[in-house]
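Examination of the molecular architecture
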Amino acid sequence: MSTQRVIVVMGVAGTGKTTVGRLLATSLGIPYAEGDAFHPAANVAKMSAGTPLDDADRWPWLDAIGQWIRNCAGLRGGVVAASSLKRVYRDRLRAAAPGAVFVHLTGERPLIEKRMADRKGHFMPTTLLDSQFATLEPLQEDELGVVVDVSGSPEEITERALAALRRLGTAEDGTPDGAPAHRTPEN
């Protein structure tokens with residue numbers, strides 16, 4: 001059984017990656033990191049101005065997250081919230097921590113847009129939601145991860161995520177036990 005317990009909470013902006021990621025980390029007793037904190041100032045400025053990031057903007061960000069998850073994988077594990085919208089981004093993170101498991105938070109666009117509009121003090125404007133959905137490549141069958149619907153309270157979403165991780169083939173402590181397996185959405 002792998003000793004890596006690195007979970008990447010992924011999805012478009014407004015799905016609750018930060019909230020659910022923190023709750024997952026607390027439930028599993030492992031460290032949490034906010035993916036947005038790894039963005040260089042230029043990325044934050046670009047997104048704040050309503051301009052989507054391109055891949056060149058994302059590589060240094062993903063590498064910084066990759067370093068964090070590599071360190072966590074070698075220790076007791078961790079949870080990081082990072083959009084990871086494209087397969088190639090997830091592949092880059094998996095290169096840093098091959099046992100990483102992805103929790104893809106997903107939901108109906110109107111719900112996500114409302115949540116995005118309601119949050120205070122975040123640099124990502126709702127005008128970038130279309131570009132997020134256009135960029136999104138859902139988890140593929142050969143990727144270790146689960147899809148979790150974001151309807152309900154943060155606690156309900158977190159419980160669904162934990163249950164899905166257990167069914168995915170993880171031990172009670174959240175440690176992935178091996179083979180990649182993608183699961184259908186948890187409602």
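This text follows the structure it describes.
Heads up: these notes are all about the structure in this document. (Residues numbered from 1 in each chain as written. Predicted model: local features only at pLDDT ≥ 70, side-chain atom pairs only at ≥ 80, totals over all residues. Heavy atoms only, no water.)

1. A look at the overall build of the chain
Per the secondary structure count, the chain includes seven helices and five strands. When the helices and strands of the chain are listed from N to C terminus, the series reads β-α-β-α-α-β-α-β-α-α-β-α. Buried residues in the chain amount to 51% of all 187 residues. If you take every contact in the chain between residues at least 6 apart in sequence, the share linking residues at least 24 apart comes to 76%. Carbon and sulfur atoms make up 54% of the accessible area of the chain, which totals about 8200 Å². (Helix = DSSP H or I, 4+ residues; strand = E, 2+ residues; numbered from the N terminus. Buried < 20%, exposed > 50% of the residue type's maximum accessible area, 1.4 Å probe, protein only. Contact = heavy atoms within 4.5 Å. Areas by Shrake-Rupley, 256 points an atom, 1.4 Å probe, with all protein chains shown as cover.)

2. Quick look at the side chain of Ser 83
Within the secondary structure layout, Ser 83 lies in the loop between strand 3 (78-81) and helix 4 (87-96). By relative accessible area, which is 14% here, Ser 83 ends up buried. In contact with Ser 83, not counting residues within four places along its chain, are Met 10, Gly 11, Lys 17 and Trp 61.

3. Some remarks on the packing of aromatic side chains
Per the counting criterion, the structure on display carries one aromatic pair. Aromatic pair Trp 59 and Tyr 89: ring centres 5.7 Å apart, planes at 80 degrees, arrangement edge-to-face. In this pair, Trp 59 sits in helix 3 (residues 55-73) while Tyr 89 sits in helix 4, placing the two residues 30 residues apart along the sequence. (Phe/Tyr/Trp six-rings, centres within 6.5 Å; stacked < 30°, edge-to-face > 60°.)

4. Comments concerning the sheet that holds strand 3
Here five strands make up an open sheet; going across it, the order is 2-3-1-4-5 and the pairing parallel. In this open sheet, the two strands that pair with only one neighbour each are strand 2 (32-34) and strand 5 (145-149). Put simply, the sheet's adjacent strands are angled 20 degrees from each other on average, direction ignored. Relative to strand 4 (residues 101-106), strand 1 (residues 6-10) runs parallel, the two sharing four bridges. (Pairing = 2+ DSSP bridges. Axes fitted to C-alpha atoms, helices over the stretch in contact; angles between N-to-C directions.)

5. Brief notes about the side chain of Glu 34
Note on placement: Glu 34 falls in strand 2. Here Glu 34 is buried and forms no salt bridge, its nearest opposite-charge partner Arg 22 lying at an N-O distance of 5.1 Å. Within polar-contact distance, the side chain of Glu 34 engages the side chain of Thr 18 at 2.4 Å. There is a polar contact of 3.2 Å between the side chain of Glu 34 and the backbone nitrogen of Asp 36. Discounting residues that sit within four places of it in the chain, Glu 34 has contacts with Thr 18 and Ala 81. (Lys, Arg positive; Asp, Glu negative; His and termini not counted. Salt bridge = Lys/Arg side-chain N within 4 Å of Asp/Glu carboxyl O. Polar contact = N/O pair within 3.5 Å; in protein donor to acceptor, adjacent residues only side chain to side chain.)

6. Re unusual backbone geometry
Backbone phi values are negative for most residues with the exception of glycine, while trans is the configuration of most peptide bonds. A positive phi angle, near 45 degrees, is found at Ser 84, a position not held by glycine. The residue Ser 84 is located in the loop between strand 3 and helix 4 in this model. Ser 84 sits in the buried class, given a relative accessible area of 0%.

7. A word on the packing of helix 1 (residues 17-28) against helix 7 (residues 154-169)
In a pair of packed helices, the angle between the axes and the distance between the axes together describe the arrangement. At a minimum axis separation of 9 Å, helix 1 and helix 7 run at an interaxial angle of 60 degrees. What the angle tells us is that helix 1 and helix 7 run oblique. Once helix 1 is placed against helix 7, the crossing between them reads as right-handed. Contact residues: Thr 19, Val 20, Leu 23, Leu 24, Ser 27 and Leu 28 in helix 1; Pro 154, Glu 155, Ile 157, Thr 158, Ala 161 and Leu 162 in helix 7. (Parallel < 35°, antiparallel > 145°, perpendicular 65-115°, else oblique. Left-handed = near helix turned anticlockwise from the far one by under 90°.)

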